[in-house]
Amino acid sequence: MKVAPTPKRAVKFFSGEDIPLELHKVRVVQKLNLVPVERRLAAIQEAGFNTFQLGTKDVYLDMLTDSGTNAMSDNQTAAMLQADDAYAGSQSFYRLQSAVEEVFGKKYLLPAHQGRACENILSQTFVKPDSVVPMNYHFTTTLAHIDRNGGKIVEILTDDALQVKSVNPFKGNIDINKLKALIAKHGTAKIPFIRMEASTNLIGGQPFSIANMREVRKIADEHKIMLILDASLIGENAYFVKQREDEFKDSSISVILREMCDLADIVYFSARKVSSSRGGGICTNRKEYFDQMKNLVVLYEGFLTYGGISVREIESMAVGLRETTDENVISQSPSFIEYLVRKLEEYGIPVVTPAGGLGCHVDAMNFLPHVEQKDYPAGALAAAFFIASGARGMERGTVSSVRDANGNDVMADAELLRLAFPRRVFTLSQTQYVADRLNWLYQNRGLIGGIHFVEEPPVLRFFNGRLAANSDWPQKLAAKFRQDFGDSL
Ligand code: F0G
């Protein structure tokens with residue numbers, strides 16, 4: 001397998017340097033604060049060593065997520081002004097419906113207030129007690145909803161997909177032999193659907209290939225099993241297909257998006273990610289699926305022409321979806337991620353490769369080999385990086401996992417610090433600052449220790465859980481920062 005190449009459409013510099021160029025201009029800005037290290041230390045302690053609990057007044061670069069934080073385009077903002085306020089039959093909804101049909105090729109659309117609301121409706125409709133749902137990899141909210149309805153997920157990635165350092169361009173692929181074996185073992189009656197997640201989030205934003213999706217479709221057809229696509233990060237997956245899958249090197253992003261969606265019976269998405277706005281949706285060409293789910297939309301979300309989303313946001317979703325077919329728009333985040341990954345590799349910092357979508361994923365297990373997994377290395381690294389930089393990332397490791405029936409932590413497959421790159425939000429110098437502060441932290445990694453829960457919610461504990469440091473390592477780290485950086489922030 002060959003190494004994923006640098007994006008072919010990147011602008012070449014005369015100097016030969018490989019720099020991602022912004023193909024947009026900044027017209028509306030928001031002031032940021034970079035507070036001193038002493039305040040950063042106090043803030044992370046007040047936040048219970050959980051970056052979800054930080055207030056943005058203390059955050060310099062918000063790299064928690066791309067969810068609802070992508071930059072809005074001028075055309076999206078303009079579209080919001082023409083929103084048609086109506087409980088039922090809003091023209092804004094019909095405009096969204098036609099954008100979904102144009103981009104995803106699906107004519108029936110069920111709106112929902114965000115991605116997990118779609119997962120609630122899909123799971124309540126199709127998952128039964130003892131169902132088995134094969135997928136390339138779970139997302140936290142997907143797992144929670146399938147579990148809530150009595151089902152079990154089975155992840156069937158290829159063996160090398162969880163290796164942090166790899167040259168496999170499609171780590172999000174489903175292992176076809178594992179899928180066949182799983183169907184043979186459980187029988188089709190227990191499998192309500194196969195789920196494929198575009199730019200597989202929790203393994204580092206890693207794409208699947210269309211060749212792989214075609215094979216999955218073939219098996220789904222043979223066994224009459226439904227194929228559901230989580231399209232929350234479909235733009236990035238399409239971009240990687242164009243970069244890395246030979247058959248599509250000259251195809252437009254629109255063609256690639258349609259190819260993927262045509263292979264799925266149902267497509268759902270978090271519009272907070274895919275179209276730079278709010279909301280979510282489930283779409284299909286099968287009226288019987290639409291009919292099976294529509295009553296739950298009315299019950300949980302709202303009337304079928306707004307689904308819990310404001311009409312203004314529906315308008316910006318429609319424009320954002322069409323913009324997802326524009327390579328200049330969707331390439332911005334992956335090319336900045338690729339730049340940061342390259343810099344970190346130069347510094348010898350362990351990081352997930354190939355560079356994926358959504359964010360740069362630092363490998364906390366190898367960054368902090370002296371912190372045992374039970375002491376949550378990814379959570380500790382997220383806290384330490386905030387102290388060192390004022391940038392907040394997200395723990396994607398065992399803190400984001402669950403406990404088993406005996407109350408023991410289910411250790412995550414990987415301990416990652418995710419540094420998200422929302423579309424068109426950060427500049428190159430901010431990206432260089434992140435690389436520089438991570439380099440300093442890596443040089444001082446021996447100072448970082450573990451953390452433990454002091455308050456632990458039973459469901460999705462990473463959102464509201466509170467933790468504490470196992471020693472006074474955060475104070476020592478802040479003191480070393482002051483010593484090395486003097487008066488600097
Ligand atoms: N599916 C995927 C692949 C996601 O990445 C997300 C959200 C969801 C479903 C749920 O969507 O948040 O709109 O309810 N991912 C965000 C993240 C939260 O930060 O990665 P939602």
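Refer to the structure printed above.
Note that this is a predicted model, so its numbers are computed, not measured. (Residues numbered from 1 in each chain as written. Predicted model: local features only at pLDDT ≥ 70, side-chain atom pairs only at ≥ 80, totals over all residues. Heavy atoms only, no water.)

Q: Where do I start with the pairing of strand β14 (residues 466–469) in this structure?
A: Each regular strand displays side chains that alternate between the two surfaces of the sheet. Only one face of β14 is buried, namely the one carrying L467 and A469, since none of R466 and A468 on the opposite face is buried. When strand β13 (residues 451–455) meets β14, the two strands line up antiparallel, connected through four bridges. Paired with E455 across the two strands is R466, which belongs to β14. (Buried < 20%, exposed > 50% of the residue type's maximum accessible area, 1.4 Å probe, protein only. Helix = DSSP H or I, 4+ residues; strand = E, 2+ residues; numbered from the N terminus. Pairing = 2+ DSSP bridges.)

Q: Hey, could you run me through helix α8 (residues 234–244) in this one?
A: In an α-helix there are 3.6 residues to a turn, and that puts residues three or four apart on one side. Burial analysis of α8 places 11 of its 11 residues in the buried class, which makes it a mostly covered element. Those residues of α8 lying buried are I234, G235, E236, N237, A238, Y239, F240, V241, K242, Q243 and R244.

Q: Which parts of the structure should I look at to understand the packing of helix α16 (residues 377–389) against helix α17 (residues 428–443)?
A: Contact geometry for α16 and α17: axes closest at 10 Å, N-to-C directions at 115°. Between α16 and α17, the angle falls in the class roughly perpendicular. Crossing geometry of α16 relative to α17 is assigned as right-handed. Note on element contacts: α17 touches α16 through Y433, V434, R437, L438, W440 and L441, opposite L381, A384, F385, A388 and S389. (Axes fitted to C-alpha atoms, helices over the stretch in contact; angles between N-to-C directions. Parallel < 35°, antiparallel > 145°, perpendicular 65-115°, else oblique. Left-handed = near helix turned anticlockwise from the far one by under 90°. Contact = heavy atoms within 4.5 Å.)

Q: Explain the side chain of N120 to me, please; I cannot follow it from the model alone.
A: Residue placement: N120 occurs in helix α4 (residues 115–126). N120 sits in the buried class, given a relative accessible area of 13%. Among all residues touching N120, those that are not within four sequence positions of it are H145 and Y300.

Q: What is the right way to look at the side chain of D363 in this model?
A: Within the fold, D363 resides in strand β9 (residues 359–363). Buried within the structure, D363 lacks any salt-bridge partner; its nearest side chain of opposite charge belongs to K165, at an N-O separation of 7.0 Å. Excluding anything up to four places from it in sequence, D363 contacts V164, P350, V351, E415 and L416. (Lys, Arg positive; Asp, Glu negative; His and termini not counted. Salt bridge = Lys/Arg side-chain N within 4 Å of Asp/Glu carboxyl O.)

Q: Explanation requested: a nonpolar patch on the surface in the structure shown.
A: On the surface, a nonpolar cluster with roughly 320 Å² of combined accessible area is contributed by V11, F13, L21 and L23. For F13, the position within the fold is in the segment before α1 (37–46). (Patch = residues over 30% accessible without salt bridge, like charges linked within 9 Å, V, L, I, M, F, W, Y side chains within 5 Å. Areas by Shrake-Rupley, 256 points an atom, 1.4 Å probe, with all protein chains shown as cover.)

Q: Please explain the layout of surface pockets as it appears in this structure.
A: Considering only enclosed or pocket space, the largest pocket measures out at about 1400 Å³ in volume. Together, 41 residues line the largest pocket, and V28, A71, M72, R424 and V425 are the ones closest to its centre. Contributing elements (two or more residues each) for the lining of the largest pocket: β1 (61–62), α2 (74–80) and α12 (311–323). Of the residues that constitute the lining of the largest pocket, the class distribution is 14 nonpolar, 15 polar and 12 charged. Counting the residues that make up the lining of the largest pocket, at least three belong to each of domain 1 (37–66 + 329–485) and domain 2 (74–325). A volume near 780 Å³ is recorded for the second largest pocket. Contributing to the lining of the second largest pocket are 33 residues, with T140, L143, S400, S401 and V402 lying nearest its centre. Elements represented by at least two residues in the lining of the second largest pocket include exactly α4, α5 (140–148), β4 (152–155) and α18 (461–464). (1 Å grid on protein atoms, 1.4 Å probe; cavity = no way out; pocket = protein on both sides within 12 Å on 5 of 7 lines; lining within 4 Å. Points joined across faces, edges and corners; volume = space filled by probe spheres on them. Nonpolar A, V, L, I, M, F, W, Y, C, P; charged D, E, K, R; others polar. Domains from an automatic or database assignment.)

Q: Looking at this structure, I do not really get the site of the ligand. What am I missing?
A: Taken together, 17 residues sit near the ligand, with T65, R116, D230, S270 and R418 positioned nearest. The contact in question runs from an oxygen atom of the ligand to an N or O atom on the side chain of Q114, over 2.9 Å. At 2.8 Å, a side-chain N or O of N201 approaches an oxygen atom of the ligand. Here the ligand has 470 Å² of accessible area as a free molecule, and 96% of this is covered by the chains. Elements supplying a minimum of two residues to the shell around the ligand: α4 and α10 (271–274). When residues in the shell around the ligand are grouped by element, the largest group, three residues, is from α4. Its residues assigned to classes, the shell around the ligand comprises two nonpolar, eight polar and seven charged. The two domains that each donate at least three residues to the shell around the ligand are domain 1 (37–66 + 329–485) and domain 2 (74–325). (Near = heavy atom within 4 Å. Polar contact = N/O pair within 3.5 Å; in protein donor to acceptor, adjacent residues only side chain to side chain.)

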